[in-house]
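Architecture at a glance
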Amino acid sequence: MKKIKIISFIVVVLLLGSLIIYASTHHYEDSHLRLEGKRVRVPENSFLVDNCSNTNAVYCEKIIEVNGEKEKLTFEFKDIKDNGYPKTFVAKINGKEFYKKSNLNIEEDMYIDFQSFLNFKVMGDYILFTVSDGEVGLSTILYAIDKDGNVILKEKDFPDDMKIKDSAEFITYSDNTVTLYTTKLTNDYTYDGKDICEADAKEIIEAYYTYTLKNGKFTRNKAKEITVKEHISNKDITCSEES
């Protein structure tokens with residue numbers, strides 16, 4: 001009987017130990033996660049980062065190798081309100097902040113405040129990536145940072161009111177060059193609030209820009225222009241004779 005009690009005691013200790021280890025290492029989903037003493041509430045995919053590790057609903061880490069050294073990037077929601085929703089989003093590299101979005105109102109604005117960090121690429125001493133500030137379209141920014149969190153490049157607005165065309169495949173990398181696809185269109189069929197067929201056929205409405213890294217600096221050049229006529233042809237848009 002004594003032997004049975006000892007075995008039972010050992011089993012209980014092992015079970016308790018396993019539960020403690022699980023509780024201390026498990027990354028809870030947002031329905032169970034507590035931060036700053038408050039239960040966190042965030043919609044699924046409120047933020048997105050390519051190939052994150054050590055992640056939960058409000059935090060993730062990403063390791064990128066630059067010139068043989070591993071750099072640690074972190075992305076997290078902070079400043080949890082009483083209703084459980086975060087007020088701030090911060091991104092850092094090696095503990096140094098390079099991106100911050102304040103006064104979030106996810107509970108009401110939802111996808112307008114979602115954050116996406118994609119298209120990571122190491123080029124020379126810099127890390128390039130894109131940030132989409134909300135899932136509303138034409139809200140994407142090209143960033144380049146160094147390992148100390150200094151923002152070397154931040155490009156969102158282009159000549160003639162063009163924006164990065166984030167509804168298409170808008171970015172390509174090649175050696176020391178990055179190419180961006182930009183547009184003045186709100187969608188493939190609408191320009192300046194009107195049907196694309198009503199626009200001047202010769203007007204330039206889209207363009208490709210290149211950023212070339214040389215001697216530690218990025219130089220921007222326009223690589224290609226697309227007119228209304230070319231766009232209509234490329235997209236197989238049928239216009240009536242009256243347009």
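The text that follows walks through the structure, step by step, so that each part is easy to find. Bear in mind that the values here come from a model prediction, so they are computed numbers and not experimental data. (Residues numbered from 1 in each chain as written. Predicted model: local features only at pLDDT ≥ 70, side-chain atom pairs only at ≥ 80, totals over all residues. Heavy atoms only, no water.)

**Focus on the sheet that holds strand S6 (residues 69-80)**
In a beta sheet, neighbouring strands are held together by backbone hydrogen bonds and run either parallel or antiparallel to one another. Selection criterion: One requirement defines pairing of two strands: DSSP has to find at least two bridges between them. Secondary structure elements are taken from DSSP: a helix is a run of H or I of four residues or more, a strand is a run of E of two residues or more, and numbering for both begins at the N terminus. Comment: axis = line fitted to C-alpha atoms, over the contacting stretch for helices; angle = value between 0 and 180 degrees taken between N-to-C directions.
Taking strand neighbours across the sheet as the criterion, the five strands line up as S4-S5-S6-S7-S8 in an open arrangement whose pairing is antiparallel. Unpaired on one side and paired on the other, strand S4 (53-56) and strand S8 (96-101) mark the two borders of the sheet. Each neighbouring strand pair of the sheet contributes to a mean axis angle of 20°, computed without reference to strand direction. In this structure, S6 lies alongside strand S7 (residues 86-93), joined through seven bridges in antiparallel fashion. Bridge assignment links Phe 75 to a residue of S7, and that residue is Ala 91.

**Considering the environment of Tyr 111**
Short version of the rule: Remark: exposure states derive from per-residue accessible area (1.4 Å probe, protein chains only) relative to the maximum for the residue type, with buried under 20%, exposed over 50%, and partly exposed in between. For this analysis, residues touch if any pair of their heavy atoms sits within 4.5 Å.
Within the fold, Tyr 111 resides in the loop between helix H2 (106-109) and strand S9 (115-123). Assessed through its relative accessible area of 44%, Tyr 111 is described here as partly exposed. Separated by 22 residues in sequence, Tyr 111 and Asp 133 have C-alpha atoms that sit 9.4 Å apart. Not counting chain neighbours up to four residues away, the residues in contact with Tyr 111 comprise Gly 134, Glu 135 and Val 136.

**Considerations on the packing of aromatic side chains**
Definition in use: Here the aromatic set is Phe, Tyr and Trp, taking the six-membered ring for Trp, and pairing holds for ring centres within 6.5 Å; pairs whose planes are under 30 degrees apart are stacked, those over 60 apart are edge-to-face, and all others are tilted. Two conditions define a charge sitting above a ring: the NZ of Lys or the CZ of Arg must be within 6 Å of the ring centre, and it must be within 35 degrees of the ring normal.
Inspection of the entire model under this criterion finds 15 aromatic pairs. Between the aromatic rings of Phe 89 and Phe 117, the centroid separation amounts to 5.7 Å while the plane-to-plane angle is 25°, which identifies the pairing as stacked. Note that Phe 89 is positioned in strand S7 and Phe 117 in strand S9, a separation of 28 residues in sequence. Residue Phe 117 is classed as buried on the basis of its relative accessible area of 0%. For the ring pair Tyr 126 and Phe 218, a centre distance of 5.9 Å and an interplane angle of 40° mean the geometry is tilted. Pair noted here: Tyr 126 is in strand S10 (residues 126-133) and Phe 218 is in strand S20 (residues 217-227), with a separation of 92 residues, a long-range link. Taking relative accessible area as the criterion, Phe 218 reaches 16% and is therefore assigned buried. Site record: aromatic cluster; members linked through ring pairs are Phe 47, Phe 75, Phe 77, Phe 89, Phe 98, Tyr 99, Phe 117, Phe 120, Phe 129 and Tyr 143. Its guanidinium or amino end placed over the ring of Phe 120, Lys 62 lies 4.8 Å from that ring's centre, counting from NZ or CZ. Residue placement shows Arg 220 over the ring face of Tyr 209; its charged tip is 5.3 Å from the ring centre.

**Some words on the state of the cysteines**
This is how the line gets drawn: In plain terms, two cysteine sulfur atoms within 2.5 Å form what is called a disulfide here.
One pass over the full model with this rule turns up two disulfides. With cysteine numbering restricted to those in disulfides and following the sequence, the chain has the pairing 1-2, 3-4.

**Quick look at a nonpolar patch on the surface**
Stated precisely, the cut-off is as follows: Within this analysis, patches are made of residues with over 30% relative accessible area and no salt bridge. Like charges are joined at 9 Å or less; nonpolar side chains (Val, Leu, Ile, Met, Phe, Trp, Tyr) at 5 Å or less. Only the protein chains shown count as cover for residues, and all accessible areas are computed by the Shrake-Rupley method using a 1.4 Å probe. We count a salt bridge whenever a side-chain nitrogen from Lys or Arg sits within 4 Å of a carboxyl oxygen from Asp or Glu.
A surface patch of nonpolar side chains, about 350 Å² in accessible area, is lined by Met 110, Tyr 111, Ile 112 and Val 136. With respect to the secondary-structure elements, Val 136 resides in the loop between S10 and strand S11 (140-145).

**Some thoughts on the sheet that holds strand S3 (residues 47-49)**
Taken together, the five strands give an open sheet; going across it, the order is S3-S9-S10-S11-S12, and neighbouring strands pair in mixed fashion. Only two strands of the sheet have a single neighbouring strand rather than two, namely S3 and strand S12 (151-155). When strand polarity is set aside, the average angle formed by the axes of neighbouring strands in this sheet is 20°. Here seven bridges tie S9 to S10, and the two strands are oriented antiparallel to one another. In the strand pairing of S10, Gln 115 is matched with Asp 133.

**Examining the pattern of salt bridges**
Inspection of the entire model under this criterion finds 13 salt bridges. Between Lys 72 and Glu 61 there is a salt bridge; the shortest N-O distance is 3.5 Å. With a gap of eleven residues between them, Lys 72 in strand S6 and Glu 61 in strand S5 (residues 59-66) connect regions that are remote in the sequence. Owing to a relative accessible area of 36%, Lys 72 belongs among the partly exposed residues under this scheme.

**Points about the pairing of strand S19 (residues 204-214)**
Sheet topology places strand S16 (residues 177-183) next to S19; seven bridges connect them, and they run antiparallel. Pairing of Tyr 181 across the sheet is with Tyr 208, part of S19. The pairing of S19 with S20 spans ten bridges and is classified as antiparallel. Opposite Lys 214, over in S20, you have Lys 217 as the bridge partner. Counting the residues in the hairpin turn of S19 and S20 gives two residues, including Asn 215, whose phi is positive at 55°.

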